[in-house]
Amino acid sequence: MTHELVSATLPVWSIIPFAGMLLSIAIVPLVRPEWWEKHMLGAAFAWSLLFLIPFAAAYGVGESWFRLLESVLLDYIPFIVLLFGLFVVAGGIAVCGTLAGTTKINCLLLFIGTFLASWIGTTGAAMLLIRPIIRANAWRKNKVHLMVFFIFLVANMGGCLTPLGDPPLFLGFLKGVSFFWTTVHLFCKTVLLSVILLGIFFLLDTFLFSKEGKPKPATQSNEKLGLDGKVNLLLLIGVVISVLMSGIWKPESGFEIYGTHIELQNAARDVILLALAGASLALTTKECRKLNNFTWEPILEVAKLFIGIFISMIPAIAILRAGTDGALAGVINMVFHEGQPVNAMFFWLTGILSSFLDNAPTYLVFFNTAGGDAVHLMTDWTETLSAISAGAVFMGAVTYIGNAPNFMVRSIAEDQGVKMPSFFGYMLWSVGILFPCFALITYLFFM
């Protein structure tokens, strides 16, 4: 049986282990936090095996081994290597001097992060600014809303204007979408959404700051603002260049690991990223990382949990890739009416599925469902491609696992003493604030 036929015959209930993995992340830390901290890797492997063993029994060990290697070698390892590289490099850049987290300063930092996200990636911008913004607000009583809006804006919305911003758009670029196409066609949508969210944050932070009694920072200092670990800025540019290189350089060669083909440019990118992380560790002083409260716990937590997410996610991604031949054909068929694209459905379905699955393959599924011809989509079906792109990027903010930096921001914040909402607690924020905004975007641009 071919891999495609396997994907087409997978039943919907095969995603139960993935649902179990998500529910574990959402519920167990609330009821058994100490157990979860010690055994999260074991839980990730348990849910992975709950998928792999029945899958191997039904389709054979060879098919199971292929799917496992494909997920780990082509998805998980590049994901965690990029996150590790950015975590180490950005963790070596420390903002020195007086930076008090007043409402105006917080809005300015969120704006800067949102702007940078399209040029150094949402992950790069988030890793660069998360520690400075936490340190600037260390004296504030209410900080959870700041982290939530940081995820909304810096870790997601800001990455919508170039292929460097978010992996789905980078895949679109590789498929033939012009580099600045998203800059032109998503600009108004991104600016409108960002302005609304910054406005909501301004009002909320102003209210909470007043409720706190408009306190002064615990320590006053006249030290001028500056950066320590400036060499990491060059290394950060190196990270961006290496990612861009892997998409532009096409040597058409590589190697195989047990039947899974590894493209040379992707292997080279991962090696360069690890080398840049090593250079950062060698060139950055311990004092600089201490100033940033740098620890390894956040990246270790993400690595443990996402190995389970990527493996248990395999059947969900496979069913989606099967398109109209798979168990979710009804969902795929919802995006067309009498042969014409329903842009609102492209936006919401791409977005909601991206909230829980890897948004890069979800983007590709709907990109190909819309025909897969970049020239046609960029000209004749402009709003359809806009809807797919905006859905994949914007709605990555709906859950902690919707986009790579979301969970990392949560882990770093908790590591620095900020009590973050639970999985479902965060969704109360995101659904309550973002869905009305998405409804407005739908009405103005996709109806």
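Each chain has its residues counted from 1, following the order in which its sequence is written. Two thresholds apply to this predicted model, a pLDDT of at least 70 for residue-level local features and 80 or more for giving and counting side-chain atom pairs, whereas whole-chain, interface and lining totals are computed over all residues. Here the side-chain values reflect all heavy atoms present in the structure, with hydrogen atoms and water set aside.

### Quick look at the overall build of the chain
Just so we agree on the cut-off: Helix and strand assignments come from DSSP, with helices taken as H or I runs of at least 4 residues and strands as E runs of at least 2, each series counted from the N terminus. Put simply, the radius of gyration uses C-alpha atoms, and a globule should come to 2.2 Å times the residue count raised to 0.38. Whether a residue is buried, partly exposed or exposed follows from its accessible area with a 1.4 Å probe, protein chains only, as a fraction of its type maximum: under 20%, in between, or over 50%, in that order. Throughout, a residue-residue contact means that at least one pair of heavy atoms, one from each residue, lies within 4.5 Å. Accessibility throughout is a Shrake-Rupley quantity obtained with a 1.4 Å probe, and a residue counts as covered only by protein chains that appear here. Only four residue types enter the charge count: Lys and Arg as positive, Asp and Glu as negative, with His and the chain ends excluded. Here the site of a charge means NZ on Lys, CZ on Arg, CG on Asp, or CD on Glu.
Of the regular secondary structure elements, the chain holds 21 helices and six strands. Its C-alpha atoms give the chain a radius of gyration of 22 Å, within 12% of the compact-globule value 22 Å for 447 residues. Seen through its C-alpha atoms, the chain measures out along the principal axes to roughly 70 × 50 × 45 Å. Buried positions account for 55% of the 447 residues belonging to the chain. Restricting the contact set of the chain to residue pairs at least 6 apart, pairs at least 24 apart contribute 80%. Of the roughly 19100 Å² that the chain leaves accessible, carbon and sulfur atoms contribute 69%. The average position of the 25 basic charges and that of the 26 acidic charges among the side chains of the chain differ by 15 Å.

### With respect to the layout of surface pockets
What counts, and what does not: As defined here, a cavity is a set of points on a 1 Å grid over the protein atoms alone where a 1.4 Å probe fits but cannot get out. A pocket is an open set with protein on both sides within 12 Å along at least five of seven lines, and residues line them when an atom is within 4 Å of a point. Grid points are joined across faces, edges and corners, and a volume is the space filled by probe spheres set on the points. Gly falls in the polar group here, along with every residue not listed as nonpolar (Ala, Val, Leu, Ile, Met, Phe, Trp, Tyr, Cys, Pro) or charged (Asp, Glu, Lys, Arg).
Each pocket or cavity is described by its volume, and for the second largest pocket that value is around 610 Å³. Contributing to the lining of the second largest pocket are 25 residues, with W36, E37, E301, R410 and E414 lying nearest its centre. Among the elements of the structure, α2 (16-31), α3 (33-59), α13 (297-312) and α20 (404-415) are those that each provide at least two residues to the lining of the second largest pocket. Among the elements that line the lining of the second largest pocket, the one with the most residues is α13, at six residues. Looking at the lining of the second largest pocket, its residues break down into 14 nonpolar, two polar and nine charged.

### Quick notes on the confidence of the model for the chain
Close reading of the predicted structure is inappropriate where its pLDDT is low. Put simply, the rule reads: Within a predicted model, pLDDT stands for the predictor's per-residue confidence, ranging from 0 to 100.
Considering every residue of the chain, the mean pLDDT works out to 89; 98% of them sit at 70 or more. The element-level mean pLDDT for the chain is lowest in strand β1 (residues 94-96), coming to 77, with helix α6 (residues 144-153) highest at 96.

### Focus: empty space enclosed by the protein
Counted under the stated rule, the structure contains one cavity of 30 Å³ or more. Mapped by element, the contributors of at least two residues to the lining of the largest cavity are α7 (167-174), α8 (181-185) and α19 (382-394). No other element matches α7, which puts three residues into the lining of the largest cavity. Among the residues making up the lining of the largest cavity, the classes are represented as seven nonpolar, three polar and no charged.

### Some remarks on the packing of α7 against helix α10 (residues 231-248)
This is how the line gets drawn: Axis definition: a line fitted to C-alpha atoms, over the contacting stretch in the case of helices. Angles run 0 to 180 degrees between N-to-C directions. Crossing handedness: left-handed means the near helix sits turned counterclockwise from the far one by under a right angle, and right-handed means the same turn made clockwise.
Between α7 and α10, the shortest axis-to-axis distance is 10 Å and the interhelical angle comes to 35°. Here α7 runs over α10; the crossing is right-handed. Along its contact with α7, which presents F170, F173 and L174, the element α10 presents V243, L244, S246, G247 and I248.

### Comments concerning the nonpolar core
Stated precisely, the cut-off is as follows: By nonpolar core we mean a set of buried residues, namely Ala, Val, Leu, Ile, Met, Phe, Trp, Tyr and Cys, connected to one another through side-chain atoms within 4.5 Å.
In terms of nonpolar packing, the biggest core is built from 131 residues, with L110, F152, L197, F347 and F438 touching the most fellow members. With residues near it in sequence (within four places) discarded, F438 still touches M157, L193, F347, W348, F394, M395 and V398.

### Some remarks on the packing of aromatic side chains
Keep this limit in mind: Centre distance within 6.5 Å is the pairing criterion for rings of Phe, Tyr and Trp, where only the six-membered ring of Trp is used; planes under 30 degrees apart are then read as stacked, over 60 as edge-to-face, and the remainder as tilted.
Throughout the structure, instances matching the rule amount to 33 aromatic pairs. Between F336 and W381 the ring centres are 6.1 Å apart and the planes differ by 50°, which places this aromatic pair in the tilted class. With a gap of 45 residues between them, F336 in strand β5 (residues 336-337) and W381 in the loop between α18 (374-379) and α19 connect regions that are remote in the sequence. Of the residues examined, F336 reaches a relative accessible area of 29% and is grouped as partly exposed. Take W381: its relative accessible area is 18%, and that puts it in the buried class. Centre to centre, the rings of W348 and F435 are 5.4 Å apart; their planes meet at 80°, and the pair counts as edge-to-face.

### Regarding the pairing of strand β4 (residues 260-263)
Definition in use: Two strands are counted as paired when DSSP detects at least two bridges linking them.
Side chains T260 and I262 of β4 all project onto a buried face; the interleaved residues H261 and E263 project onto a face where none is buried. Across four bridges, the pairing between strand β3 (residues 254-257) and β4 is antiparallel. The partner of E256 across the bridge, within β4, is H261. Linking two consecutive strands that pair antiparallel, namely β3 and β4, is a turn of two residues; a positive phi of about 50° is found at Y258 within it.

### Remarks on helix α9 (residues 187-211)
Rule in force here: The span expected for a helix works out to 1.5 Å for each residue beyond the first.
Compared with the 36 Å implied by 1.5 Å per residue over 25 residues, the 36 Å span of α9 between its first and last C-alpha is a close match. Turning to α9, its buried residues number three or more, namely K189, T190, L193, S194, L197, L198, F201, D205, L208 and F209. Buried positions along α9 lie against α5 (103-136), α6, α8, α19 and α21 (423-446). Downstream of α9 by one or two residues, G213 has phi in the positive range, about 90°.

### A look at the side chain of S411
Residue placement: S411 occurs in helix α20. If we skip the residues at most four places from it in the chain, S411 touches P298, E301 and V302.

### Points about α3
To keep it simple, the criterion reads: Axes are fitted to the seven residues ending at a residue and to the seven starting at it; the angle between these axes is taken as the bend at that residue.
With 27 residues, α3 should reach 39 Å at 1.5 Å per residue; the first-to-last C-alpha distance of 37 Å fits that figure. Along α3, the largest kink reaches about 70° and is centred on H39. The set of residues buried in α3 consists of W36, M40, A43, A44, S48, F51, L52, F55 and A56. On its buried face, α3 sits against α1 (3-9), α2, α4 (61-90), α13 and α14 (314-321). Where α3 terminates, the next one or two residues include G60, which has phi positive at roughly 105°.

### Section: a nonpolar patch on the surface
The cut-off we apply is this: Nonpolar side chains (Val, Leu, Ile, Met, Phe, Trp, Tyr) are joined into patches within 5 Å and like charges within 9 Å, using only residues with over 30% relative accessible area and no salt bridge. Counted as salt bridges are all cases of a side-chain nitrogen of Lys or Arg within 4 Å of a carboxyl oxygen of Asp or Glu.
Side chains of L23, I27, L30, V31 and F424 sit close together on the surface and give an oily, nonpolar patch of about 470 Å² of accessible area. Per-element accounting of the nonpolar patch gives the leading share, four residues, to α2. Residue placement: L30 occurs in helix α2.

### Describing the environment of M313
Tracing the backbone shows M313 in the loop between α13 and α14. The exposure class assigned to M313 is buried, which follows from its relative accessible area of 5%. Spatially, the C-alpha atoms of M313 and A19 are 8.8 Å apart, while their sequence positions differ by 294 residues.

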